[in-house]
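What the coordinates show
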Amino acid sequence: MKRSFDSNLLVSVAGAIAVSVAWAVVGPSLAAGIGLVLALILFANTLAHSNGLERITTALHRVADGDPNASLPLRSRPSTKRLITAAAHLAGALRASRDALTSERLRRRILEEALKEGLVILDAQQHVLVANELAGRMLGLQPEDSRGKLLQQCTRCPELNLLLESAFTTNGRHQADFEPPGSPGLIVEGVVACVADENHCVAGALLLLSDVTAARSLDRMRSDFAANVSHELRTPITNIRGYVETLLQVGLDDPATARKFLDIVHRNASRLGALVEDLLLLSFVESPVSRERIQIAAIPAQRLFDWIKTELGPAAEARGIRLSFCGDPTLCVHANPLLAEQAIGNLVSNAIRYAPDGTLVEFGCTRHGNSVAIAIRDEGPGIPERHVPRLFERFYRVETSRTPELGGTGLGLAIVKHIAMVHGGSIEVQSVVGSGSTFTLRLPVAEQPNAV
Ligand code: ADP
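The structure displayed is predicted, hence computed values, not measured ones.

1. A closer look at the site of the ligand
Around the ligand, the structure places 19 residues, and the nearest of them are Asn 350, Tyr 354, Asp 378, Gly 410 and Leu 413. One nitrogen or oxygen atom from the side chain of Asn 350 is found 2.8 Å from an oxygen atom belonging to the ligand. Between the ligand and Leu 413 there is a distance of 2.8 Å, counted from an oxygen atom to a backbone nitrogen or oxygen. Expressed as a share of its isolated accessible area of 530 Å², the protein-covered part of the ligand is 98%. Of all the elements in the fold, those that place two or more residues in the shell around the ligand are helix H12 (337–354), helix H14 (412–422) and strand E12 (436–444). Looking at the shell around the ligand element by element, the count peaks at 4 residues for H12. A breakdown of the residues in the shell around the ligand according to their chemical character gives 9 nonpolar, 7 polar and 3 charged.

2. Some remarks on the nonpolar core
Membership of the largest hydrophobic core comes to 51 residues, with the highest contact counts inside it found for Ile 344, Phe 363, Ile 374, Ile 376, Phe 439 and Leu 441. In terms of residues, this core owes the most to one element, H12, which gives 8 residues. In this structure, this core is formed jointly by two domains, domain 3 (216–286) and domain 4 (291–450), each of which donates at least three residues. If we skip the residues at most four places from it in the chain, Phe 439 touches Leu 347, Ile 374, Ala 375, Ile 376, Ile 383, Leu 391, Phe 392, Leu 413, Ile 427, Glu 428 and Val 429.

3. A closer look at the state of the cysteines
The full count for this structure, using the stated rule, is 0 disulfides. Residue Cys 194 stays outside any disulfide, its sulfur separated by 12 Å from that of Cys 201, the closest cysteine. Overall, the relative accessible area of 16% leaves Cys 194 in the buried class.

4. Some details on the pairing of strand E11 (residues 426–432)
In regular strands, side chains alternate between the two faces of the sheet. Bridge count between E11 and E12: 7 bridges; the pairing is antiparallel. Bridging from a neighbouring strand, Gln 430 pairs with Thr 438 of E12. Linking E11 to E12, which pair antiparallel, is a turn of 3 residues; within it Gly 434 sits at a positive phi near 90°.

5. Things to note about the sheet that holds strand E10 (residues 371–377)
Taken in spatial order, the 5 strands of this open sheet run E7-E9-E10-E12-E11, and their pairing is mixed. Each edge of the sheet is formed by a strand with only one pairing partner; in this case those strands are strand E7 (322–327) and E11. On average, adjacent strands in this sheet sit at an angle of 15° to one another, irrespective of strand direction. Where strand E9 (residues 360–368) lies against E10, 7 bridges are found, and the strand directions are antiparallel. Counted as the bridge partner of His 368 is Ser 371 from E10.

Criteria and thresholds
- Residues numbered from 1 in each chain as written.
- Predicted model: local features only at pLDDT ≥ 70, side-chain atom pairs only at ≥ 80, totals over all residues.
- Heavy atoms only, no water.
- Near = heavy atom within 4 Å.
- Polar contact = N/O pair within 3.5 Å; in protein donor to acceptor, adjacent residues only side chain to side chain.
- Areas by Shrake-Rupley, 256 points an atom, 1.4 Å probe, with all protein chains shown as cover.
- Helix = DSSP H or I, 4+ residues; strand = E, 2+ residues; numbered from the N terminus.
- Nonpolar A, V, L, I, M, F, W, Y, C, P; charged D, E, K, R; others polar.
- Core = buried A, V, L, I, M, F, W, Y, C linked by side-chain atoms within 4.5 Å.
- Buried < 20%, exposed > 50% of the residue type's maximum accessible area, 1.4 Å probe, protein only.
- Domains from an automatic or database assignment.
- Contact = heavy atoms within 4.5 Å.
- Disulfide = S-S within 2.5 Å.
- Pairing = 2+ DSSP bridges.
- Axes fitted to C-alpha atoms, helices over the stretch in contact; angles between N-to-C directions.

So this is what it looks like as structure tokens:
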């Protein structure tokens, strides 16, 4: 190893020799002079040395404070050269680990904040290493407080514990739905993925939590809908098949019976047809593209009432039900004419269907701000309060035993609701059991009629 000699040491040794020689040769006065000069050189040298150290110290402080422009002195005395090399090495290492820490923090922040899922990272013993805010909200724990603790101690959720247990014992990836105890109604899908070490033992795991409440309820609605459709289709099909089979067996010898059976077949076939029509219409108004596709026009209230009289007047008359109109007949709604007629037709035909013979069904139109309230009032049996929240659901019926006999598909009000939504409107009902119901459909008003 190359050694650098300290200049102060050299000056001191040389000085001592020079003073001794001067003392011996020329006496104490010259020796004193030489000693003084050497002391001055020694002092200057020490000053320069300490200045160099001072600059290194300042630079090292700046490096420690994270100053990216901090640099160690390039020119130095041999005595401090090695110190500078070591300090530069240390500063480089410090910068590298600071950079690594910064990018690690950024990675963690991105993972914790940008994820739409709850995130928990666990070690091999299921201690929490990282938990983001969302995971905290879902599991009812404080992310900071939970760090270093067993997850099972931070949240009491038996289904989650089971999920972790099965993933950790098989060292694999498992997923399951669960309902966290502190959040009623919330359904969370948890996915645990374990990571193995070189000995194939669990080194840690990632737990991802997604709120699947809406998706699961949609799944349930879809399967309920499929079950309902199948049920609704099966009834008329069974009837048609049964009566046709009977007719085939007994023959057409008894015309009165044959006619009765054919009537039943016809009624059931019509019911099937109505059901298919309603299903198609519902799927059209439910689809997001229908909003863009439908043509809108200004429709005067009078035109809607005339349509009701033409289409539903005969059915009302047959039961002695009077149809009346109140409101401004020139008031126009901004809607698709066919869909508006369909929605109003469903409401009026319900009013006629469920009201007793000889009663009154009223059709009223009033402007409220930017919308027109179309109210259909009947003097029917009314709807008990408890049914109202579900009334506009597909296939929801108030009286299951009576309604099929009255011939509805159970989709009428769901269609009205979606037609209202397509136009940015709404539907509501007020009802008093024993007195009647008023269904109010709100559609946008047409300010400058280009009436159709
Ligand atoms: P449906 O084809 O069975 O009439 P809807 O969706 O039109 O289906 O109506 C759902 C249920 O709401 C009906 O089965 C009926 O029980 C009830 N309902 C609808 N309108 C009225 C009304 N005007 N008076 C009383 N009950 C009604």
